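Each chain, letter by letter, is given below.
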Amino acid sequence: MNTEKTHIYFVPGLAASKEIFRNINLPTDKYVMHIIEWKIPGEKESMTDYAKRMAIEVKQKDAVLIGVSFGGVVVQAMSEHLTLKKLVLISSIKCRSELPRRLRFVQKTGLYNLAPTRFIVNAKDLTRFAIGPRSKKRLELYNEYLHVRDKVYMDWAIKNMVSYNRKKPIPGIIHLHGDADMVFPIKHIKNAIVCPGGTHIMLLNRAKWVVNQLNKIVTNN
């Protein structure tokens, strides 16, 4: 009987801290859970170089790597430097065609270079940028998890999110997505496991569904 535990590494969403995963309670007899927190990038650091630095934190071969929202973009770049058992996205995008039209427009025009991150100084503004100005309740819920306020990081993250340009999904990638996600609308998302009523913060308010799906994903060889 194989009693070896599966190591699962998580990367949070844009500017979020490790506390965003506090509702993700995976069975400790099967899994070892690791959270890779954001590093401050060099001002002109490429996504490739940043991903290499993040990938160093994954110590085991055949681990499961999971990224949330912008973290999903980063784990895809990390996967190019790792041997993984599974690569999973939550509330994220797999390729450029899954970006909403407004972000594709910003990408095409280069307007992201004018992103006023110097004005994103309070929690409310940062939360709205991260999840969209929709529900006051959701804004308040997500707000307590946003801890990375460094301007270099924010400029870098916004640029790399908006300019995401992968043409085709990575083969075998697994995607969990809510059908009520306002940041990355489901109409643009292909080949995802869909959470009914799941929003962009379903990691917080639909954690039981997420955990059930992760159990199925990891145990399905």
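Residues numbered from 1 in each chain as written. Predicted model: local features only at pLDDT ≥ 70, side-chain atom pairs only at ≥ 80, totals over all residues. Heavy atoms only, no water.

### A short note on helix α6 (residues 151-162)
Alright, step 1. Relative to the 16 Å expected for 12 residues at 1.5 Å per residue, α6 spans 16 Å between its end C-alpha atoms, a close match to the ideal helical length.
Alright, step 2. Its side-chain oxygen 2.9 Å from the backbone nitrogen of valine 152, aspartate 150 forms the N-cap of α6. (Helix = DSSP H or I, 4+ residues; strand = E, 2+ residues; numbered from the N terminus. Expected span 1.5 Å × (residues − 1). Polar contact = N/O pair within 3.5 Å; in protein donor to acceptor, adjacent residues only side chain to side chain.)

### Here we look at the pattern of salt bridges
Alright, step 1. Summed over all chains, the structure comprises five salt bridges.
Alright, step 2. Measuring nitrogen to oxygen at the nearest pair gives 2.4 Å for the salt bridge that ties lysine 151 to aspartate 155. In this pair, lysine 151 and aspartate 155 are both assigned in helix α6, four residues apart and thus about one turn of the helix distant. (Salt bridge = Lys/Arg side-chain N within 4 Å of Asp/Glu carboxyl O.)

### Here we look at unusual backbone geometry
Peptide bonds are, in most cases, trans, and in most cases residues other than glycine have a negative phi.
Alright, step 1. Although it is not a glycine, serine 69 sits at a positive phi angle of roughly 55°.
Alright, step 2. Among the structural elements, serine 69 can be located in the loop between β3 (63-68) and α2 (70-78).
Alright, step 3. A positive phi is found at asparagine 191, a non-glycine position, where the angle reads about 55°.
Alright, step 4. Along the polypeptide, asparagine 191 turns up in the loop between β5 (174-178) and β6 (193-195).
Alright, step 5. Judged by its relative accessible area of 75%, asparagine 191 falls in the exposed class. (Buried < 20%, exposed > 50% of the residue type's maximum accessible area, 1.4 Å probe, protein only.)

### Brief notes about the sheet that holds β6
Alright, step 1. Spatially, β2-β1-β3-β4-β5-β6 is the arrangement adopted by the six strands of the open sheet, whose pairing is parallel. The sheet is open, and its two edges are formed by β2 (31-35) and β6, each paired on a single side. Sheet twist, expressed as the mean angle between neighbouring strand axes with direction ignored, is 20°.
Alright, step 2. For strand β1 (residues 6-11) and β3, the ladder comprises four bridges, and the chain directions are parallel. Residue valine 11 lies in a different strand from β3, and its bridge partner there is glycine 67.
Alright, step 3. Together, β1, β3 and β4 (84-90) form the strand contacts of α2, whose direction differs from that of β3 by roughly 145°.
Alright, step 4. Of the strands in this sheet, β1, β2, β3, β4, β5 and β6 touch helix α8 (residues 207-219), which is tilted by about 165° from β5. (Pairing = 2+ DSSP bridges. Axes fitted to C-alpha atoms, helices over the stretch in contact; angles between N-to-C directions. Contact = heavy atoms within 4.5 Å.)

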